[in-house]
Amino acid sequence: MNTTKRLYFYVVAFASLSVTASGAALLLRYVLDLALGRTIAGSTVEQVALGLAMVVVGAPLWLFHWSFGQRQLARQPREAGAALRALYLYGAMFAGAVVTLVEMRSLVQAALGEGVFGTTRAGLLVTWGLVWAYHWMVSRRDGQPSAGSRALWRWYVYATSAYALVFAALGLGSILILLFERTYDGLAPIGSGLVSRGLWVPEMNRNM
């Protein structure tokens, strides 16, 4: 497969994958609302229609273009080392990892009593988590047989690690600021201090 054809197929595959995952998240939200016995408002019905349209259009488009790439890989194993294929795989994995990380943070916050982990977030967590998991398995089967694919793998690892590190550092920094504030209140002559105010305040939960 020449570079132009490869560029077309993998760009369209990535775009249609994003549309399909977003639509599936909306449909999953609707299913969860029904399972929980929640009243379906008019705006929700519109979102269901939008989600269904996105899946109906995006899923066949993704399956066609991705299946073509997989058939090319079966005929020509060196396709696994194509930089554009690796860019598609690691781009999908990065997008899935970012969305999953954000929604996992919301889940932990809700578990600590700060905010509500709604069905919208649950839908995003499940769909984009599956996107990441599937493309991770494909990338493990492909390996990194070329210098270009190995370089893109390193970029994926570094970018995802950097994002997670910044995410964790911001939360840790906010927690330390709260701890210092409570400590200062306890040492200051005026203030309720550590014991009466407590460390585990809503601000702490929001930064976990």
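Anything mentioned here points back to the structure above.
Note that the structure is a prediction, hence the values are computed from the model and not measured. (Residues numbered from 1 in each chain as written. Predicted model: local features only at pLDDT ≥ 70, side-chain atom pairs only at ≥ 80, totals over all residues. Heavy atoms only, no water.)

## Notes on the packing of helix H3 (residues 83-111) against helix H4 (residues 119-142)
- Relative to each other, H3 and H4 sit at 145 degrees, their axes nearing to 8 Å. Two packed elements cross with a definite hand, and for H3 against H4 that hand is left-handed.
- Class assignment for the residues of the contact of H3 with H4 results in 18 nonpolar, six polar and four charged. (Axes fitted to C-alpha atoms, helices over the stretch in contact; angles between N-to-C directions. Helix = DSSP H or I, 4+ residues; strand = E, 2+ residues; numbered from the N terminus. Left-handed = near helix turned anticlockwise from the far one by under 90°. Nonpolar A, V, L, I, M, F, W, Y, C, P; charged D, E, K, R; others polar.)

## So, the layout of surface pockets
- Space inside the second largest pocket adds up to approximately 170 Å³.
- Around the second largest pocket, the lining residues are Leu 17, Thr 20, Ala 21, Ala 24, Ala 59, Trp 62, Leu 63, Thr 127, Leu 130, Val 131, Tyr 134 and His 135.
- Of the residues forming the lining of the second largest pocket, the biggest block, five residues, is contributed by H4.
- The residue inventory of the lining of the second largest pocket, partitioned by class, reads nine nonpolar, three polar and no charged. (1 Å grid on protein atoms, 1.4 Å probe; cavity = no way out; pocket = protein on both sides within 12 Å on 5 of 7 lines; lining within 4 Å. Points joined across faces, edges and corners; volume = space filled by probe spheres on them.)

## Details of empty space enclosed by the protein
- The tally for this structure, following the rule as stated, stands at one cavity of 30 Å³ or more.
- The volume enclosed by the largest cavity comes to roughly 30 Å³.
- Per-element accounting of the lining of the largest cavity gives the leading share, four residues, to H3.
- Classifying every residue of the lining of the largest cavity by side-chain character gives four nonpolar, three polar and two charged.

## Let's talk about the packing of aromatic side chains
- All told, the structure shown has 15 aromatic pairs when counted by the stated rule.
- A ring pair is formed by Trp 66 and Tyr 134, whose centres lie 6.5 Å apart and whose planes are at 75 degrees; its orientation type is edge-to-face. Of this pair, Trp 66 sits in helix H2 (residues 42-75) while Tyr 134 sits in helix H4, placing them 68 residues apart in sequence.
- Both rings, one in Trp 136 and one in Trp 153, keep their centres 5.8 Å apart while their planes meet at 50 degrees; by these two values the pair is tilted. Remark: Trp 153 occurs in helix H5 (residues 147-187) and Trp 136 occurs in helix H4; sequence separation between them is 17 residues.
- Note on Trp 136: relative accessible area 29%, which makes it partly exposed.
- Taken together, Tyr 10, Phe 14, Trp 62, Trp 66, Tyr 88 and Tyr 134 form an aromatic cluster joined through their ring pairs. (Phe/Tyr/Trp six-rings, centres within 6.5 Å; stacked < 30°, edge-to-face > 60°. Buried < 20%, exposed > 50% of the residue type's maximum accessible area, 1.4 Å probe, protein only.)

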